[in-house]
Amino acid sequence: MTAPSQELHFADAGEAADLAAFLARLIHYDRAAAVRLQAGGGVLAVFGRPPSFEVLAIRTARLQAVVGTEAAPDTPHASAGAGALDTTVSAGEFADALDTARAARAADGPEGRDRGDRGLVVTVPQAVTGPPWAGVLPPRGGWRRVNGLPGVNEVRGAVTAAVAEFRARDAALPEERRTRAERDRIGHEIWSRTLGDTGLPLRAVHAAQSLGFLRPVRAAAPAVTAHGSGVATAAPEPLALLAAGAWLRLRTPYGSIAVRTQGLSGGLSGLSVTPA
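Caption draft 1: Representation of the nonpolar core within the structure. The biggest cluster of nonpolar side chains holds 59 residues, and the ones touching the most others in it are Phe 10, Leu 44 and Phe 94. Those residues in contact with Phe 94 that sit more than four places away from it in its chain are Leu 8, Leu 19, Leu 23, Val 35, Leu 37, Leu 44, Val 46, Val 89, Val 122 and Pro 125. Counting residues in hydrophobic clusters, the runner-up holds ten residues, among them Ala 45, Leu 56, Ala 246 and Ala 258.

Pasting the structure below:
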C-alpha cells in the first residue's frame, strides 16, 4: 500500500541547502544510501550511516510545518500525524526532492522572496525498507556532557595525524602484504583509538571531518534552540561531547556524530529531534 505524500515546510531555505550538501556527502560514500527522517517540535532530524565509519551522522533543520495525512500502517519505519514524521527514505530521492524544490523557488524569482517566504516546501519521498541501523537509534534523552574534549583545532589535528599515519604505514607495506585485508587491519587499529581520555573513537572524528561537520563556523550561522522553538542569537558552541547509556555523541554546529561504545542493554530507539 502506498503511503500518502507529505510535505516538509522548511523555515529557512539556507538550512535546506546545507541538508542537501549533507545528503550529497552520504551519497558519495554510498549511492544506495538510505536516511531516516524524524520530525517534531519544529525540527527535522536526518540520520545516515556512511559506510566504513561505523557511526551515525545526524543533521537537523528547522521546520514551519509537516503537512500531510497519516502514513499507511504497513509502511516500513513510517508513522505520521499532525506536524509529525518518522520514515526511512532513499537519500538520493530526498536529495532530488530538495533540488527540485530549490529549483522551483529560484524560478519564482524575487517575487516569492518579496512575500517574505524564506522557507522551502519539499515533498517527502516514498518510504523504503530501511537497513538494520535505521531501527536502532540513540536514546531520546538522558544526555550528559563529557569533559575533556579538545578544542576544534586539536580535534582536526588528531584526524590529520591519523590519516598521515595510515598513509605512511600503507606505503611501508611490502608488495606481498599490500592487500585489502592488511589495509583494513591498519585502518581498524588507527580509527579504533580514542580521542584523548574521552572514550570517543577516532573514527567518529574522522566521520565528522569527512562530512564537513568540522569546518569553520559561519559568523552568523543560525542555531535551533533546545526544543526547536526559535533561533539563538549567540554563536553556536564549536564542539561538545555528550553521553547517554551506551552512546557518545560529538555535537558540532553543523551536525552530530553518534557512536555506540558498548553493547546495547535494553531497547534504545528514537532520538528527540533536538539540534545537532
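Caption draft 2: Local environment of the pairing of strand 11 (residues 240–244). The element strand 11 is extensively covered by neighbouring structure, given that five of its five residues are classed as buried. Judged by which residues are buried, strand 11 turns out to be covered on both faces: Ala 240, Leu 242 and Ala 244 on one side and Leu 241 and Ala 243 on the other are all buried. Note: strand 8 (residues 144–145) against strand 11, two bridges, orientation antiparallel. Directly across from Arg 145, in strand 11, lies its bridge partner Leu 242. Note: strand 11 against strand 12 (residues 247–252), five bridges, orientation antiparallel. Residue pairing for strand 12: Leu 242 is matched across the bridge by Arg 249. Turn length for the strand 11-strand 12 hairpin, with the two strands adjacent in sequence and antiparallel, is two residues, and the turn residue Gly 245 shows positive phi of about 60°.

Conventions we followed
Residues numbered from 1 in each chain as written. Predicted model: local features only at pLDDT ≥ 70, side-chain atom pairs only at ≥ 80, totals over all residues. Heavy atoms only, no water. Core = buried A, V, L, I, M, F, W, Y, C linked by side-chain atoms within 4.5 Å. Buried < 20%, exposed > 50% of the residue type's maximum accessible area, 1.4 Å probe, protein only. Contact = heavy atoms within 4.5 Å. Helix = DSSP H or I, 4+ residues; strand = E, 2+ residues; numbered from the N terminus. Pairing = 2+ DSSP bridges.

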